[in-house]
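# Architecture at a glance
Listed below are the residues making up each chain.
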Amino acid sequence: MIDNNEKKCRHLAVIMDGNGRWAKAQGKPRTAGHMVGADNVRTIAIAAAEMGVEYLTLYAFSTENWKRSKDEVSYLMKLPAIFFKKYMKEFLDRGFRIRIIGEMDDLPESTAAVLKEAETESEKNTGLSLNIAMNYGSHREILLAAKAYAEDYKNGSAGDLDEELFESYLMTKDMPPVDLLIRTSGEMRISNYLLWQIAYAELEFVPESWPEFTPEVLRRCLEEFRQRDRRFGGVKNV
Ligand code: FPP
């Protein structure tokens, strides 16, 4: 028996890996891979929306990515400004809502300002929720949620903790859980990404690097997702 709610991928998360290796293989600097990768965010966001995805959460910069070279970090911090200058108008026309997850306070001021502006400009939109994870790490997210809850409990503004209440302290509050997590470029790791939110997600690891991840590959992934038998810990089809 097919339950449409279980078969629909409402929330897709992607670890966009392999930009650097893709660029190197073409004899280009790693940053050239990130530029092509950013352009591919537009392509895949449009394709995902057309394929019925409602929330697309992309890992653009992790709390661990600060360890990269100064030049690469500085490029990745400039990329949101380039990206939104190029595509924001189109995103607004398409009704996309931009949301940022991650610790914005630790980003360069100009980067945080661009991201906040994209959120504000699109906050009333009801189309695809395009969520950019920037300076995001799941351990930090859970820790911050625990601290915020403890504070609210102490001052009497929060009651006993349950899963639903805890989720309201996460950076993904108001979003459904992740249905499908895709990692590109052949690595099979989660890398501190959305650990709470992927509890019952399907996982797919594809060999293509992020710049090679086309709408056709996305279609294949969603098709594979629909073939999976999601049991959410229960027993079915016996
Ligand atoms: C992972 O490793 C990728 C990143 C750290 C950056 C991903 C960023 C983008 C695709 C640009 C998105 C930008 C915006 C503003 C939406 P890697 O690609 O360095 O992989 P590798 O070194 O393992 O090949």
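Residues numbered from 1 in each chain as written. Predicted model: local features only at pLDDT ≥ 70, side-chain atom pairs only at ≥ 80, totals over all residues. Heavy atoms only, no water.

### Some points on the overall build of the chain
Of regular secondary structure, the chain possesses 8 helices and 6 strands. Scanning the chain from its N terminus toward the C terminus, one meets helices and strands in the order α-β-α-α-β-α-β-α-β-α-α-β-β-α. The C-alpha radius of gyration computed for the chain amounts to 18 Å, which stays within 12% of the reference 18 Å derived for 238 residues, consistent with globular compactness. With the C-alpha coordinates aligned to their principal axes, the bounding extent of the chain is approximately 55 × 50 × 35 Å. The 238 residues of the chain split such that 46% are buried. Look at the contacts in the chain between residues 6 or more apart in sequence, and 75% of them connect residues 24 or more apart. With an accessible surface of roughly 12,600 Å², the chain has 52% of that area assigned to carbon and sulfur atoms. Charge separation in the chain, taken as the distance between the mean sites of 33 positive and 38 negative side-chain charges, equals 5 Å. (Helix = DSSP H or I, 4+ residues; strand = E, 2+ residues; numbered from the N terminus. Rg over C-alpha atoms; globule rule 2.2 N^0.38 Å. Buried < 20%, exposed > 50% of the residue type's maximum accessible area, 1.4 Å probe, protein only. Contact = heavy atoms within 4.5 Å. Areas by Shrake-Rupley, 256 points an atom, 1.4 Å probe, with all protein chains shown as cover. Lys, Arg positive; Asp, Glu negative; His and termini not counted. Charge placed at Lys NZ, Arg CZ, Asp CG, Glu CD.)

### Some remarks on a negative patch on the surface
The grouping of Asp160, Asp162, Glu163, Glu164 and Glu167 at the surface amounts to a negative patch. In this structure, glutamate 167 sits in helix H7 (residues 163–167). (Patch = residues over 30% accessible without salt bridge, like charges linked within 9 Å, V, L, I, M, F, W, Y side chains within 5 Å. Salt bridge = Lys/Arg side-chain N within 4 Å of Asp/Glu carboxyl O.)

### Looking at the environment of lysine 8
Within the secondary structure, lysine 8 is located in the loop between helix H1 (4–7) and strand E1 (11–15). Given a relative accessible area of 33%, lysine 8 falls into the partly exposed group. Along the primary structure lysine 8 and glycine 52 are separated by 44 residues, whereas in three dimensions their C-alpha atoms are 8.2 Å apart. For lysine 8, the side chain forms a polar contact with the main-chain oxygen of glycine 52, separated by 2.6 Å. (Polar contact = N/O pair within 3.5 Å; in protein donor to acceptor, adjacent residues only side chain to side chain.)

### Examining helix H3 (residues 30–50)
End to end, H3 covers 30 Å across 21 residues, agreeing with the expected 30 Å (1.5 Å per residue, within 8%). Taken residue by residue, H3 has Gly33, His34, Gly37, Ala38, Asn40, Val41, Ile44, Ala45, Ile46, Ala47 and Ala48 as its buried positions. Tucked into the core, H3 has its buried residues touching helix H2 (19–25), strand E2 (55–62), helix H4 (70–93), strand E4 (129–136) and helix H8 (215–227). Glycine 52, located one to two residues past H3, shows a positive phi value of around 95°. (Expected span 1.5 Å × (residues − 1).)

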